[in-house]
Amino acid sequence: MRAKCPNCGGEIVENDRTFQCEHAYPEKACDFTMWKASFKNFWKMDLTEDLLDRILADGEEVELTRKSKAGKEYTAKYNIAKNEAGYWGLNLVEFVNKN
C-alpha cells in the first residue's frame, strides 16, 4: 500500500476485517482503523486498497457518487477524518453535483 497513516505516518496493513496502522496493534500507539464491513454498510461499496490509497493521498479529497435516501444520485468530495466518537471515516467536504 502506498498511502501512510494519516495519524502517525506509519504503514497501513490489511487484514480480513480492517485496514489499520501498523502501530494500532498490539502496542496501540495509534488509533487509525477503517472497518471494511462498516464502510460497506454505509457507503454500499467495498473498501479496497486502491480506494484507501486514493482517500489517504496527501491532502487529497476523493469524489464518490452515492444515492440519497430518495434514490437520487449525487457526487460529493470527501476527505479522511476522525469523528466525535473517535472513529475514522470519510468527512463530506462539498457537493460536486446534487440532482
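Presented here is a report on the structure given in the accompanying data block. (Residues numbered from 1 in each chain as written. Predicted model: local features only at pLDDT ≥ 70, side-chain atom pairs only at ≥ 80, totals over all residues. Heavy atoms only, no water.)

**Comments concerning the overall build of the protein chain**
Convention followed: Each helix corresponds to a stretch of at least 4 residues labelled H or I by DSSP, and each strand to a stretch of at least 2 residues labelled E; elements are numbered beginning at the N terminus. Values of the radius of gyration come from C-alpha atoms, whereas the globule rule sets the reference at 2.2 Å times the count of residues to the power 0.38. Working definition: with a 1.4 Å probe on protein chains only, accessible area under 20% of the residue-type maximum means buried, over 50% means exposed, and in between means partly exposed. Between two residues, a contact is recorded if the distance between any of their heavy atoms is within 4.5 Å. Method for areas: the Shrake-Rupley scheme with a 1.4 Å probe, in which residue coverage is limited to the protein chains shown. Charged residues are defined here as Lys and Arg on the positive side and Asp and Glu on the negative side; His and the ends of the chain fall outside this count. By convention, the charge on Lys lies at NZ, on Arg at CZ, on Asp at CG and on Glu at CD.
Along the protein chain, the regular secondary structure elements total two helices and six strands. Moving toward the C terminus, one meets the helices and strands of the protein chain in the order β-β-β-α-α-β-β-β. Relative to the 2.2 N^0.38 estimate, which gives 13 Å for 99 residues, the radius of gyration of the protein chain is 14 Å and therefore close to what a compact globule would have. Along the longest, intermediate and shortest principal axes, the C-alpha atoms of the protein chain span 45 × 25 × 25 Å. Out of the 99 residues belonging to the protein chain, those deemed buried represent 33%. Taking the intrachain contacts of the protein chain between residues at least 6 apart in sequence as the baseline, contacts between residues at least 24 apart amount to 27%. For the protein chain, the exposed area adds up to about 6,600 Å²; of that, 46% sits on carbon and sulfur atoms. Treating the 15 positive side-chain charges of the protein chain as one cloud and the 17 negative ones as another, the clouds have centres 9 Å apart.

**A closer look at unusual backbone geometry**
With an omega dihedral of 5°, the bond running from Y25 to P26 counts as a cis peptide bond. Position of P26 relative to the elements: it lies in the loop between β2 (18-21) and β3 (33-35). Positioned with a positive phi, K28 is a non-glycine residue whose angle comes to about 55°. Turning to its location among the elements, K28 is positioned in the loop between β2 and β3. Judged by relative accessible area, K28 falls into the exposed class, the value being 64%. Positive phi, normally seen in glycine, also occurs at K44, with a value near 60°. Position of K44 relative to the elements: it lies in the loop between α1 (36-43) and α2 (49-56).

**A word on the layout of surface pockets**
Threshold: Site definitions follow a grid-based scheme: protein atoms alone, a 1 Å grid, a 1.4 Å probe that fits but cannot get out for cavities, and for pockets an open set with protein on both sides within 12 Å along at least five of seven lines, plus lining residues having an atom within 4 Å of a point. Grid points are joined across faces, edges and corners, and a volume is the space filled by probe spheres set on the points. Residue type decides the class: Asp, Glu, Lys and Arg count as charged, Ala, Val, Leu, Ile, Met, Phe, Trp, Tyr, Cys and Pro as nonpolar, and the leftover types, Gly among them, as polar.
The volume enclosed by the largest pocket comes to roughly 520 Å³. Lining the largest pocket are 20 residues, with N83, Y87, W88, G89 and L90 positioned closest to its centre. For the lining of the largest pocket, the secondary-structure elements that each account for two or more residues are β3, α1, β5 (73-82) and β6 (88-98). Residues that form the lining of the largest pocket fall into these classes: eleven nonpolar, six polar and three charged.

**Here we look at the environment of A3**
Position of A3 relative to the elements: it lies in the segment before β1 (12-14). Excluding residues within four positions of it along the chain, A3 makes contact with I12, D53 and L56.

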